[in-house]
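Single-letter residue listing:
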Amino acid sequence: QMKRYYSFLPGVFLCLFKLIRNIGIMAHIDAGKTTTTERMLYYSGFTRSLGDVDDGDTVTDFMVQERERGITIQSATVTFDWKTHRINLIDTPGHVDFTLEVERALRVLDGAVAVFDASAGVEAQTLTVWRQAEKHHVPCICFLNKMDKPSANFSFSIESIRQKLKANPLLLQIPVGVGRNFTGVIDLVSNQQMIWKAASREDDGRGFETKPLSQVENPGLVQEAEEARAALIEQLQEAVRRVTLAQKAVPVLCGSSLKNKGVQPLLDAITAYLPAPDERHNDLVRWYKDDLCALAFKVVHDKQRGPLVFLRIYSGTMKPQTAVHNINRNTVERLSRLLVPFADQHVEISSLTAGNIALAVGLKQTVTGDTIVSSKASAAAAARRANQDQELGTKASVILSGVEVPEPVFFCSIEPPTMAKQADLEHALNCLQREDPSLKVRVDPDSGQTILCGMGELHIEILHDRIRREYGIETHLGPLQVAYRETVLNQASATETLERTLGERRHVVTVTLEVSPVDEVSSGGACGLTFDEEAERQMSAEMKGAVDNGVQSSYFQGPLLGYPVQGVSTAIQSVSLEPGTSLAMVSACVSRCMLKAMRQAGGQILEPVMSLEVTVWEAHLSSVLGDLAQRRGAVRDIQSRHDNKLVLATVPLAEMMGYSTVLRTLSSGNATFSLQLDSYEAMNPQHQRSLVQRLAGLA
């Protein structure tokens, strides 16, 4: 089917910028993203049958783990046509453990569709992905899905968008009926009613009836539509597009993807209101003119082809069998083959132009966040044009901004079944790290164990399963532990002298510095480094680099329990050394002095605190609240949502181990919950003493 669809590709991919839409589908888990994507592929003619998440036969959820669990784990890219437009779509995960997949997708997309469960409105992960889209200035369309659910509430969902997302919803449609009686929508722009009349349960929703509102027989519905349209009368299609691109408003549509209703108008809205590539301003791309400039935003490993690199092409043309320059790595690589991505199936192509998403074979050094250009000379030419730009006044970078990777919150040890498998395990972990930058791997200096650091229980569980299935290694995981952090309580100064004699050369360096806590540590306060004026004047650039290396290395292991340090400001007061002393000695002395100062300043453990939402029947509310109190939870609010109660709370991550099993028991299976990292907060002294004693006992 895919080869048939793509038989005309070479000519089509030369289409104009204005006919391309690079979009993402984002939402809270189980809002219907993948089902919506599946309907888009079907109605565009790309697929011949409707896939179903529950049946495990959707196009974009192709991993074994995704099909077994019925959730999206990694983003998947598909390319298809809708009428005259080419749509490059990325279906993203809705689970908090895989937030990086959403982050790197939004980094390269021009627009997004936010899918909502119309019975729940804005949920925890909805807020997270919306903030990610805002950070990257990505215009959005809202699709209120699942209007066929008995508890669907159009007005409630609209108000939650207004209140929780602080967005300005622009109603383009209102529903005809709700719950089991949901049959279609009224388009307020065209003033038409669209009705999907299912002749049978097998009806695919391809056909629907459209008629002018004047012919609708329900007078109450006509009046509601006219009142809603009055607010829109001055903002028709071109105006809607302008305010959407300026992110002053978000168009809102509704439907039921599972029941095959409302998806075609959503596709029309994507092409009408979301931006073309040339409508997204990027000065850096302008400096490259017609030369190639692309960003690597994802890497996957293929057993036959090796590493496959996903690239968003911002300028120029990409062709196979050509050499390209990686600015970040300062290397030249040969792009052997060029593919168009379609989930786990790909089609080879002779060239791809700016505005498209490509899949490259042969880039063995490239990782997520790297900028790829045609040559070193083209990058130099772009730099000259950038620096001639009078508006900047400072030296400009010609490297595209990369992908922001969140810090892990869980870690555990991982061991191969035998030492003979250690090399195979290291290879597997290297491949997985290249695919997933949110996975961190380190070796414990004391035990020599390999440590996996990830974004959550599910994240590490999926990685463990992939090592077994894809690499054939039966590994053992140690107990899951929380990735705490450390900071200092007070200001403190220290002086340290390091002296070594190597051969006939004597290396001596003395460092004096001061550490102090940074305000607002709980919001993720970064560590800072400053130099006293006199000390800075006496240092060369190389010396400053050595000092900075020593400071940064000390932040990896705190003075209390060896967790990473955050929220500490360091001031270098003096560095004196004898002639010939190596820079490595300077770094080592600074690191030792930092540790000494932080110990004198007093240590504080910071623990990750989660924002928790629990939806539960009122009959089980007291049991859930009692359990949260035992977990050091703080309830912020209790809201009513239809026949359920919504509990909003903050709870330390350490107390949430195995919570899903406990909640299932407490509620007799009638509750759901979601978690988001809220902040890192100071652990109270009693729990800190207990943690220190427990970990000391384990050591």
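Residues numbered from 1 in each chain as written. Predicted model: local features only at pLDDT ≥ 70, side-chain atom pairs only at ≥ 80, totals over all residues. Heavy atoms only, no water.

### A few points about the overall build of the protein
- Across its full length, the protein holds 20 helices and 35 strands.
- Relative to its length of 699 residues, the protein is compact, with a C-alpha radius of gyration of 28 Å against a globular reference of 27 Å.
- Expressed along its principal axes, the backbone C-alpha trace of the protein runs to roughly 95 × 65 × 55 Å.
- Counting over 699 residues, the protein shows a buried share of 55%.
- The long-range fraction of contacts in the protein, counting pairs at least 24 apart against all pairs at least 6 apart in sequence, stands at 74%.
- Of the roughly 30800 Å² of accessible surface on the protein, 49% is carried by carbon and sulfur atoms.
- Positive and negative side-chain charges in the protein, numbering 71 and 81 respectively, have mean positions lying 4 Å apart. (Helix = DSSP H or I, 4+ residues; strand = E, 2+ residues; numbered from the N terminus. Rg over C-alpha atoms; globule rule 2.2 N^0.38 Å. Buried < 20%, exposed > 50% of the residue type's maximum accessible area, 1.4 Å probe, protein only. Contact = heavy atoms within 4.5 Å. Areas by Shrake-Rupley, 256 points an atom, 1.4 Å probe, with all protein chains shown as cover. Lys, Arg positive; Asp, Glu negative; His and termini not counted. Charge placed at Lys NZ, Arg CZ, Asp CG, Glu CD.)

### Here we look at the pairing of strand S16 (residues 331-335)
- Across five bridges, strand S15 (residues 322-326) lies against S16 in antiparallel orientation. In the strand pairing of S16, Thr322 is matched with Leu335.
- Between S15 and S16, which pair antiparallel in sequence order, lie four residues; one of them, Asn330, sits at a positive phi of approximately 55 degrees. (Pairing = 2+ DSSP bridges.)

### Some details on the nonpolar core
- In this structure, Ile467, Tyr484, Leu612, Val614, Val624, Leu628 and Tyr659 are the most contacted members of the largest nonpolar core, which totals 43 residues.
- In terms of residue count, the dominant contributor to this core is strand S32 (residues 603-617) (six residues).
- The contacts of Val614, once residues within four sequence positions are left out, are Val624, Lys645, Leu646, Val647, Tyr659, Leu663, Thr672 and Phe673. (Core = buried A, V, L, I, M, F, W, Y, C linked by side-chain atoms within 4.5 Å.)

### Description of the packing of aromatic side chains
- All told, the structure shown has six aromatic pairs when counted by the stated rule.
- Between Phe297 and Phe310, the aromatic rings sit 6.0 Å apart at their centres with planes inclined by 55 degrees, giving tilted as the arrangement. Placement of the pair is Phe297 in strand S12 (residues 293-302) and Phe310 in strand S13 (residues 306-315), with a sequence separation of 13 residues.
- Taking the relative accessible area as the measure of exposure, Phe297 reaches 2% and is therefore buried.
- Using a relative accessible area of 7% as the deciding quantity, one classes Phe310 as buried. (Phe/Tyr/Trp six-rings, centres within 6.5 Å; stacked < 30°, edge-to-face > 60°.)

### Focus on the state of the cysteines
- Evaluation of the coordinates by the stated rule reveals zero disulfides.
- The cysteine Cys589 is free of any disulfide, with Cys593 supplying the nearest cysteine sulfur at 6.4 Å.
- Residue Cys593 is classed as buried on the basis of its relative accessible area, which comes to 0%. (Disulfide = S-S within 2.5 Å.)

### Re the sheet that holds strand S30 (residues 528-531)
- Spatially, four strands are ordered S28-S29-S31-S30 in an open sheet, and the strand pairing comes out mixed. The sheet is open, and its two edges are formed by strand S28 (492-502) and S30, each paired on a single side. Neighbour-to-neighbour, the strand axes of this sheet turn through a mean angle of 25 degrees, independent of strand direction.
- Here nine bridges tie strand S29 (residues 505-517) to strand S31 (residues 568-577), and the two strands are oriented antiparallel to one another. Residue pairing in the sheet places Thr512 in a bridge with Ser574 of S31.
- Sheet strands in contact with helix H16 (residues 541-554) are S30 and S31, and its direction is about 130 degrees off that of S31.
- The strands touched by helix H17 (residues 583-601) within the sheet are S28, S29 and S31, with S28 carrying the most contacts at an inclination of about 150 degrees. (Axes fitted to C-alpha atoms, helices over the stretch in contact; angles between N-to-C directions.)

### Things to note about the side chain of Thr99
- Within the secondary structure, Thr99 is located in helix H5 (residues 99-108).
- Thr99 gets classed as buried once you look at its relative accessible area, which sits at 15%.
- In this view, Thr99 contacts Gln125, Thr128 and Gln132; residues no more than four positions away in its chain are not counted.

### Considering the pairing of strand S22 (residues 410-415)
- Summarising burial for S22: five of the six residues are buried, a large majority.
- Relative to strand S24 (residues 450-454), S22 runs antiparallel, the two being bridged by five bridges. Within the sheet, the bridge partner assigned to Phe411 lies in S24 and is Cys453.
- Where S22 and strand S26 (residues 481-482) come together, two bridges link them in antiparallel fashion.

### Looking at the side chain of Ser119
- Turning to its location among the elements, Ser119 is positioned in the loop between strand S4 (111-117) and helix H6 (124-135).
- On the basis of relative accessibility, which here comes to 6%, the residue Ser119 falls in the buried class.
- For Ser119, the side chain forms a polar contact with the side chain of Lys149, separated by 3.2 Å.
- Every residue in contact with Ser119, bar those within four places of it in the chain, is listed here: Lys149, Ser151, Ala152, Asn153, Phe156, Arg641 and His642. (Polar contact = N/O pair within 3.5 Å; in protein donor to acceptor, adjacent residues only side chain to side chain.)

### What about H16?
- In a regular helix each residue adds 1.5 Å, so 14 residues correspond to 20 Å; H16 covers 20 Å between its end C-alpha atoms and thus fits that length.
- Looking at the buried residues of H16, the elements they touch are S30, S31 and H17. (Expected span 1.5 Å × (residues − 1).)

### Focus: the packing of H16 against H17
- Remark: H16 packs on H17, axes separated minimally by 7 Å, with the N-to-C direction vectors making an angle of 40 degrees. As the angle between them shows, H16 and H17 are arranged oblique. Here H16 runs over H17; the crossing is right-handed. Residue-level contacts link Glu542, Met543, Ala546, Val547, Asn549, Gly550, Val551, Ser553 and Ser554 of H16 to Leu583, Val586, Ser587, Val590, Ser591, Met594 and Met598 of H17.
- A per-class count over the contact of H16 with H17 returns nine nonpolar, six polar and one charged. (Parallel < 35°, antiparallel > 145°, perpendicular 65-115°, else oblique. Left-handed = near helix turned anticlockwise from the far one by under 90°. Nonpolar A, V, L, I, M, F, W, Y, C, P; charged D, E, K, R; others polar.)

### Description of the sheet that holds strand S1 (residues 20-27)
- Reading across from one edge, S2-S3-S1-S4-S5-S11-S6 is the order of the seven strands in this open sheet, with mixed pairing throughout. At either margin of the open sheet sits one strand with a lone partner, and together these are strand S2 (76-82) and strand S6 (169-171). Taken over all neighbouring pairs, the strand axes of this sheet differ in orientation by 30 degrees on average, direction set aside.
- Sheet topology note: the S6/strand S11 (residues 250-254) ladder contains three bridges and is parallel.

### So, the confidence of the model for the protein
- Counting all residues, the mean pLDDT for the protein is 87, and 93% of those residues have values of 70 or more.
- Here residues 1-14 scores under 50 on pLDDT; set against residues more than four positions off or in separate chains, the count is 40 contacts. (pLDDT = per-residue confidence, 0-100.)

### Concerning unusual backbone geometry
- Despite not being glycine, Lys83 has its phi angle at roughly 55 degrees, a positive value.
- Relative to the elements of secondary structure, Lys83 occurs in the loop between S2 and strand S3 (85-91).
- Exposure remark for Lys83: the relative accessible area of 63% places this residue in the exposed category.
- Backbone geometry at Gln247 places phi at a positive 60 degrees, although glycine is not the residue there.
- When you line up the elements, Gln247 lands in the loop between helix H9 (237-245) and S11.

### A short note on the pattern of salt bridges
- Taken as a whole and judged by the stated rule, the model has 31 salt bridges.
- A salt bridge links Glu101 to Lys298, with the nearest nitrogen and oxygen atoms 3.3 Å apart. Pair noted here: Glu101 is in helix H5 and Lys298 is in strand S12, with a separation of 197 residues, a long-range link. The pair Glu101 / Lys298 is uniform in exposure class, with both members buried.
- Between Glu534 and Arg537 there is a salt bridge, with its nearest N and O atoms 2.2 Å apart. With Glu534 and Arg537 both in helix H15 (residues 533-538) and three residues apart, the pair spans about one turn of that helix.
- Among the residues examined, Glu534 registers a relative accessible area of 42% and is labelled partly exposed.
- Shared partners join several salt bridges into a network, and the residues in it are Glu101, Arg104 and Lys298. (Salt bridge = Lys/Arg side-chain N within 4 Å of Asp/Glu carboxyl O.)

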